[in-house]
Amino acid sequence: MDIATAGPYKAAPLAGPAATDGARMQGLLDGSRIAVFHDDHGALAAPTAASAVAVYVRGEKYWSEDKRHGFSLTDGGGLAELREQMHALADNLGACRIVVGAEDHGAPYGVLDKMGFYICMMDRFEPMALEGVRKGVLAAVQQAAKPQCGMLPGSRPREIAPGRFFLDMCEAKLTDPLFTARESILVFVETTPFVQLQVK
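Residues numbered from 1 in each chain as written. Predicted model: local features only at pLDDT ≥ 70, side-chain atom pairs only at ≥ 80, totals over all residues. Heavy atoms only, no water.

Draft legend 1. Representation of the overall build of the chain in the model. Each helix and strand counted, the chain has 6 helices and 9 strands in total. Relative to its 200 residues, the chain shows a buried fraction of 42%. Sequence separation of 24 or more characterises 57% of the internal contacts of the chain that already satisfy a separation of 6 or more. (Helix = DSSP H or I, 4+ residues; strand = E, 2+ residues; numbered from the N terminus. Buried < 20%, exposed > 50% of the residue type's maximum accessible area, 1.4 Å probe, protein only. Contact = heavy atoms within 4.5 Å.)

Draft legend 2. Region of the structure containing the environment of glutamine 198. By the element assignment, glutamine 198 lies in strand β9 (residues 196–199). On a C-alpha basis, the gap between glutamine 198 and arginine 158 in space is 9.9 Å, while along the polypeptide they are 40 residues apart.

Draft legend 3. The arrangement of helix α6 (residues 181–191) in detail. For α6, every residue scored as buried is listed here: Ser184, Ile185, Val187 and Phe188. The buried side chains of α6 occupy one side of the element, clustering within an arc of 165° when seen end-on. Across α6 from its buried face, at more than 90 degrees, point the exposed residues Arg182 and Glu190. (Arc of directions from axis to C-beta.)

Draft legend 4. Region of the structure containing helix α3 (residues 107–114). By the burial criterion, the buried members of α3 are Pro108, Tyr109, Val111, Leu112 and Asp113. Two residues or fewer after α3 comes glycine 116, characterised by a positive phi angle close to 100°.

Draft legend 5. Region of the structure containing the packing of aromatic side chains. Applying the stated criterion across every chain yields a total of 3 aromatic pairs. Among the aromatic side chains, those forming a connected cluster through ring pairs are Phe37, Phe71 and Tyr109. (Phe/Tyr/Trp six-rings, centres within 6.5 Å; stacked < 30°, edge-to-face > 60°.)

Draft legend 6. Expanded view of the sheet that holds β9. Across the sheet, which stays open at both edges, the 3 strands sit in the order β7-β8-β9 with mixed pairing between neighbours. On the outer flanks of this sheet lie β7 (158–161) and β9, each paired with one strand and no other. Each adjacent strand pair in this sheet contributes to an overall mean axis angle of 35°, direction not counted. (Pairing = 2+ DSSP bridges. Axes fitted to C-alpha atoms, helices over the stretch in contact; angles between N-to-C directions.)

Draft legend 7. Just the pattern of salt bridges, in detail. For the coordinates displayed, the defined rule picks out 5 salt bridges. Among the ionic pairs, glutamate 131 bridges to arginine 134, the shortest N-O distance being 3.3 Å. One end of the pair, glutamate 131, and the other, arginine 134, are both in helix α4 (residues 130–145), 3 residues apart, so they sit about a helical turn from each other. Its relative accessible area of 15% is what places arginine 134 among the buried residues. (Salt bridge = Lys/Arg side-chain N within 4 Å of Asp/Glu carboxyl O.)

Draft legend 8. Expanded view of the nonpolar core. Residues Phe37, Phe71, Met86, Leu89, Leu93, Val99 and Leu112 are the most contacted members of the largest nonpolar core, which totals 21 residues. Those elements giving two or more residues to this core turn out to be β2 (33–38), β3 (52–58), α2 (79–93), α3 and β6 (118–122). A per-element tally of this core places α2 first, with 5 residues. Ignoring anything within four residues of it in the chain, the contact list for leucine 93 reads Ala35, Val53, Val55, His69, Val99 and Phe117. By size, the runner-up hydrophobic cluster in this structure holds 19 residues, among which are Ala54, Val100, Tyr118 and Leu130. (Core = buried A, V, L, I, M, F, W, Y, C linked by side-chain atoms within 4.5 Å.)

Draft legend 9. View of the pairing of β6. Across the 5 residues of β6, 5 count as buried, placing the element largely inside the fold. Burial along β6 is two-sided: the face carrying Tyr118, Cys120 and Met122 and the face carrying Ile119 and Met121 are both buried. Relative to β6, strand β5 (residues 98–101) runs parallel, the two being bridged by 4 bridges. Bridge pairing in β6 places glycine 101 opposite methionine 121.

This is the structure:
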């Protein structure tokens, strides 16, 4: 059985030691500022196609654009140059640590993730969708902070290839007598970005 990611966006998980970084956690828990990659026409873009990054601020009722920064990745630049450009972007964004963009499997999102950003990918963008992004990020942060009691390593889906995971329910039941497929899959879907989940 294959389960595809659902909802208006997919979020990358909190990554390793960066997840405990004070500035990142403050930005995530605040959630009142979200950066969005835009192209020349103002549409949602992936970092590789973006010409600007707009920072949206949460007001009492609505999200509105606060600042817009010019942004363009150098064609053919190496990884070191990409890191420099992403660090410059991070400096421009200040405490904002949530970014929204179109789907892109290239290195820019990976660099941002390692820098402590929470990345949300969407098919299209409307400012009113930012409230859903904010709630999703805050829920993921709270979920990550909870201890995963009852979830033994053998009862979780394991990665068999990049983005592809496998869960053997018979093996999981033998490993963890309290295993339930529903809980295991729900926790996995809510906390792990993936391309494919196979369940046997």
